[in-house]
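Listed below are the residues making up each chain.
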Amino acid sequence: MAETVRVIGDTLPGADFNSPLLEVDDLHVEFRVRGRRVPAVRGASFTLEQGRTLAVVGESGSGKSVTSQAIMGILDTPPAAITGGAVRLHGVDLLEQSEETRREVRGNHIAIVFQDALSSLNPLWSVGFQIGELFRVHRGSSRKDAKLKAIELLDQVGIPDAKNRVGHYPHQFSGGMRQRVMIAMALALDPEVLIADEPTTALDVTVQAQIMRLLKRIQSERHMGLILITHDLGVVADVADEVAVMYAGEVVERAGIRDAFKRPAHPYTKALLRAIPRVDTVGRELEVIGGLPPNPAALPGGCPFHPRCFAAEDKCKSEVPPWTEPAESHGSRCHFAEEVYTDER
C-alpha cells in the first residue's frame, strides 16, 4: 500500500486516500454530430470503494460503455464531449488533469478489459509481445524480463502451458482464452481499478462462468476495485457487491446486489430481473420488456422509461422523477420508488 500511495501521489498531487477509490459525480457526455448535440450520459453518479465490485447494468445504448470510456479518458473527442460532472480518483478530479497525467493514470491506476478481445488484440504480434510492451514502455523492462512477466501473467489468468503459448498469436486462442489474455494485459501494471466492459460477450455460458470466477478471484487477491459493465444482471449476481442500473444515459437505481435482486425499487430493474431465465420458469414463456430503448436524440418527456413501464401513470409522462431513497443505501429515480420497493409481485 505504501508503494501505491507514493506512486499515485507522484502522479496526482493532492490525492486523499481517506476518500473513496473512485467517484463518478453527475457525469454528462454528449456527441456532436452534424450540428446536433445528442446526450449519451445524463448525470451518472456512483462510487467504487477499494476491494469492492460494482456492476453497471443496462440494455445496449444505455450509456454504460460511454461512461467507462469517460472514466478512462479514451472517448473520441470530437465527436464526444464531456460537458459536466467529475471523475475522482482518491478525491482528485481526473477530468481537470492534463492529457499527460491521464496517460500516466491509464494502465497504472485504472485499466479496462474490452468486450471484443479479437479486435482489441493486434493480430501481427504475439500475445506475449503485446503484454510485455506494457512493461517495456511503462517500467523500462528489458525484452527478456518483459517476456518473463508476460508468462507469469498468462499463468495467473489460467492460460495452460503459458511458457510456450506466450509466443502464440491471437488467432491461435479460443474466445475464452483471448479474453483471459486481455485480462492479463489489463492487470500488467497492477491497477487499483479494473473496468471489465461486457467481458463475457459472445462466450458460451460455461466460459462465461469461468471468466467471472477469474475476475472475482483476481479482485479478491489484489484487493482492487472492479467495475463490471454488462446487460445481464444474472451474470454478475454472484460477483458484484453493488449495482448501478442505467437507462437512457441515467443511473436509475443504485443498491447492494442482494437488495437489488430481492427488492428492486425501479420498474426497469424489476423488468430486467423478470427477463432472466430461471430454473423455476422452465416451460413458461420468458418475460420481455416491451418496446425499445428511446432514441437519445429524441427522449420522451418526463421519465424516459414511461413508454415501456408497467407502473407508469400520467405524471410519469410530464414530470422528471426525483432521486428517492426508499431504504438505506438504496436509491431510485422513480415517482413511485417506495411503492415499487415494497411491491412483492
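What counts and what doesn't
Residues numbered from 1 in each chain as written. Predicted model: local features only at pLDDT ≥ 70, side-chain atom pairs only at ≥ 80, totals over all residues. Heavy atoms only, no water. UniProt positions renumbered as here; feature names shortened; annotations may be inferred. Core = buried A, V, L, I, M, F, W, Y, C linked by side-chain atoms within 4.5 Å. Buried < 20%, exposed > 50% of the residue type's maximum accessible area, 1.4 Å probe, protein only. Domains from an automatic or database assignment. Contact = heavy atoms within 4.5 Å. Phe/Tyr/Trp six-rings, centres within 6.5 Å; stacked < 30°, edge-to-face > 60°. Helix = DSSP H or I, 4+ residues; strand = E, 2+ residues; numbered from the N terminus. Lys NZ or Arg CZ within 6 Å of the ring centre and 35° of its normal. Expected span 1.5 Å × (residues − 1). Buried area = accessible area lost by both parts, 1.4 Å probe. Salt bridge = Lys/Arg side-chain N within 4 Å of Asp/Glu carboxyl O. Nonpolar A, V, L, I, M, F, W, Y, C, P; charged D, E, K, R; others polar.

Word for word, the UniProt comment on the protein under Sequence similarities (unreviewed entry) is "Belongs to the ABC transporter superfamily." The annotation that UniProt attaches to the protein under Subcellular location (unreviewed entry) is "Cell membrane".

*Asks:* When you look at the nonpolar core in this model, what are you seeing that I'm missing?
*Replies:* One broad rule of soluble globular proteins: the nonpolar side chains tend to lie buried together. Among the nonpolar cores identified, the biggest contains 61 residues, and Leu154, Ile183, Leu194 and Leu215 are the most heavily contacted of them. A domain-level breakdown of this core finds at least three residues from each of domain 1 (50-64 + 98-257) and domain 2 (263-277 + 287-292 + 300-344). When sequence neighbours within four positions are dropped, the list of residues in contact with Leu194 reads Ala111, Ile112, Val113, Ala186, Leu187, Leu215, Met224, Gly225, Leu226 and Ile227. Counting 34 residues, the second-largest nonpolar core is a separate cluster that includes Leu12, Val66, Val92 and Ile110.

*Asks:* Looking at this structure, I do not really get the packing of aromatic side chains. What am I missing?
*Replies:* When we look at a pair of aromatic rings, we describe it by the centre distance and by the angle of the planes. All chains considered together, the criterion is met by four aromatic pairs. On the basis of an interplanar angle of 80° and a centroid distance of 5.1 Å, the ring pair of Tyr247 and Phe305 is categorised as edge-to-face. Separated by 58 residues along the polypeptide, Tyr247 in strand S9 (residues 242-247) and Phe305 in the loop between helix H12 (267-274) and strand S11 (323-327) bring together distant segments of the chain. Note on accessibility: Tyr247 and Phe305 belong to one class, buried. Directly above the aromatic system of Phe129 lies the positively charged group of Arg136, at a separation of 4.2 Å from the ring centroid. The cationic tip of Arg274 hangs over the ring face of Phe310; the distance from NZ or CZ to the ring centre is 4.9 Å.

*Asks:* Got a minute to help me understand helix H5 (residues 127-138) in this structure?
*Replies:* Helical geometry note: an α-helix holds 3.6 residues per turn, so side chains three or four residues apart project in the same direction. Under the 1.5 Å per step criterion, the end-to-end length of H5 is 17 Å for twelve residues, consistent within 8% with the ideal 16 Å. The complete set of buried residues in H5 reads Val127, Gly128, Gln130, Ile131, Gly132, Phe135 and Arg136. Among the structural elements, helix H6 (143-156), helix H7 (162-165) and helix H8 (175-187) are those in contact with the buried residues of H5. Of the residues trailing H5, Gly140 is marked for its positive phi of about 70°.

*Asks:* How should I be thinking about the domain arrangement of the protein in this particular structure?
*Replies:* Often, the extent of an interface is quoted as the loss of accessible area on bringing the components together. What the domain assignment lists for the protein is domain 1 (50-64 + 98-257) and domain 2 (263-277 + 287-292 + 300-344). Of note, the centres of domain 1 and domain 2, computed from C-alpha atoms alone, are 32 Å apart. Counting residues at the interface gives 16 residues for domain 1, matched by 19 residues for domain 2. Both faces considered, domain 1 and domain 2 share a buried interface measuring about 1,400 Å² in area, 57% of it formed by carbon and sulfur atoms. For the domain 1 face of the interface with domain 2, the top three residues by lost area are Tyr247, Val252 and Glu253, together amounting to 41%. Taken together, the connections running from domain 1 to domain 2 amount to one salt bridge. One salt bridge connects Arg308 with Glu59, and the closest N-O pair in it is separated by 2.9 Å. When residues of the side of domain 1 that touches domain 2 are traced back to their parent elements, those giving at least two are helix H10 (233-236), S9 and strand S10 (250-256). For the side of domain 1 that touches domain 2, the element with the most residues is S10, which contributes seven residues. For the side of domain 1 that touches domain 2, the residue count by class is nine nonpolar, three polar and four charged.

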